[in-house]
Amino acid sequence: MSAIRKFQVTFDCAEPERLARFWCEVLGYVAPPPPEGFATWDEFRGSQPPEQRDAWFACVDPSGVGPRLYFQRVPEGKAAKNRLHLDVRVGTGLVGEERLAALDAERARLVPLGAVHVRTLYDGTDSCIPMQDIEGNEFCID
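1. Topic: the overall build of the protein
Step number 1: Of the regular secondary structure elements, the protein holds 3 helices and 8 strands.
Step number 2: In the protein, the succession of α and β elements from N to C terminus is β-α-α-β-β-β-α-β-β-β-β.
Step number 3: Counting only C-alpha atoms and orienting by the principal axes, one finds that the protein spans roughly 55 × 40 × 30 Å.
Step number 4: Here the protein displays about 8800 Å² of accessible surface, and carbon together with sulfur accounts for 54% of that area.
Step number 5: Seen as two clouds, the 16 positive and the 22 negative side-chain charges of the protein have centres 3 Å apart.

What follows is the structure, encoded as structure tokens:
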């Protein structure tokens, strides 16, 4: 049997810390402690050459179960639909109107954080709400 490997999900973005903090709120993740030798993230940033400041940020599952999310600044903007997206699973085990209500409550929580509601898909049984994060990356509330 082959070994199971840990992985991180990496986002190319314009503002790594801002996007990371958005996803912390969405998923209940937290920012990790600053790198060793630094008391705060501001202290770490101040130690970096100007061209490297704010080049990356990360967030982690405080329970240690979920993957680390890593955000890296890239010069180009988002040009097309994501080839990969996250599904935020809030309706697991629910069906019909009960599922739709749970998904809609999550949509209502995320919009004030800067998420954009794209549409609501509902066929009477199953539902999904496609959204966009604060940099336009697609994700679904599922």
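2. Notes on the sheet that holds strand β3 (residues 68-73)
Step number 1: The 3 strands are arranged β1-β3-β2 in an open sheet whose pairing can be described as mixed. Edge positions in the sheet fall to β1 (8-13) and β2 (56-59), since each has one partner strand and no second. Taking each pair of neighbouring strands and ignoring which way they run, the sheet shows an average axis angle of 20°.
Step number 2: Here β1 pairs with β3 via 6 bridges, running parallel. Across the sheet, residue V9 finds its bridge partner in β3, namely L69.

3. As for the side chain of D133
Step number 1: Examined against the element boundaries, D133 turns out to sit in the loop between β7 (127-132) and β8 (138-141).
Step number 2: Buried charge without a salt bridge: D133, with K78 as the nearest opposite-charge side chain at an N-O distance of 8.1 Å.
Step number 3: A polar atom in the side chain of D133 sits 2.8 Å from the backbone nitrogen of E135.
Step number 4: Setting aside residues no more than four positions away along its own chain, D133 makes contact with F11, L19, F22, W23, G114 and F139.

4. Let's talk about unusual backbone geometry
Step number 1: We note that D54 has phi near 60°; this positive angle belongs to a residue other than glycine.
Step number 2: The residue D54 is located in the loop between α2 (41-47) and β2 in this model.
Step number 3: Under the relative-accessibility criterion, D54 is labelled partly exposed at 41%.

Quick notes on the rules
Residues numbered from 1 in each chain as written. Predicted model: local features only at pLDDT ≥ 70, side-chain atom pairs only at ≥ 80, totals over all residues. Heavy atoms only, no water. Helix = DSSP H or I, 4+ residues; strand = E, 2+ residues; numbered from the N terminus. Areas by Shrake-Rupley, 256 points an atom, 1.4 Å probe, with all protein chains shown as cover. Lys, Arg positive; Asp, Glu negative; His and termini not counted. Charge placed at Lys NZ, Arg CZ, Asp CG, Glu CD. Pairing = 2+ DSSP bridges. Axes fitted to C-alpha atoms, helices over the stretch in contact; angles between N-to-C directions. Buried < 20%, exposed > 50% of the residue type's maximum accessible area, 1.4 Å probe, protein only. Salt bridge = Lys/Arg side-chain N within 4 Å of Asp/Glu carboxyl O. Polar contact = N/O pair within 3.5 Å; in protein donor to acceptor, adjacent residues only side chain to side chain. Contact = heavy atoms within 4.5 Å.

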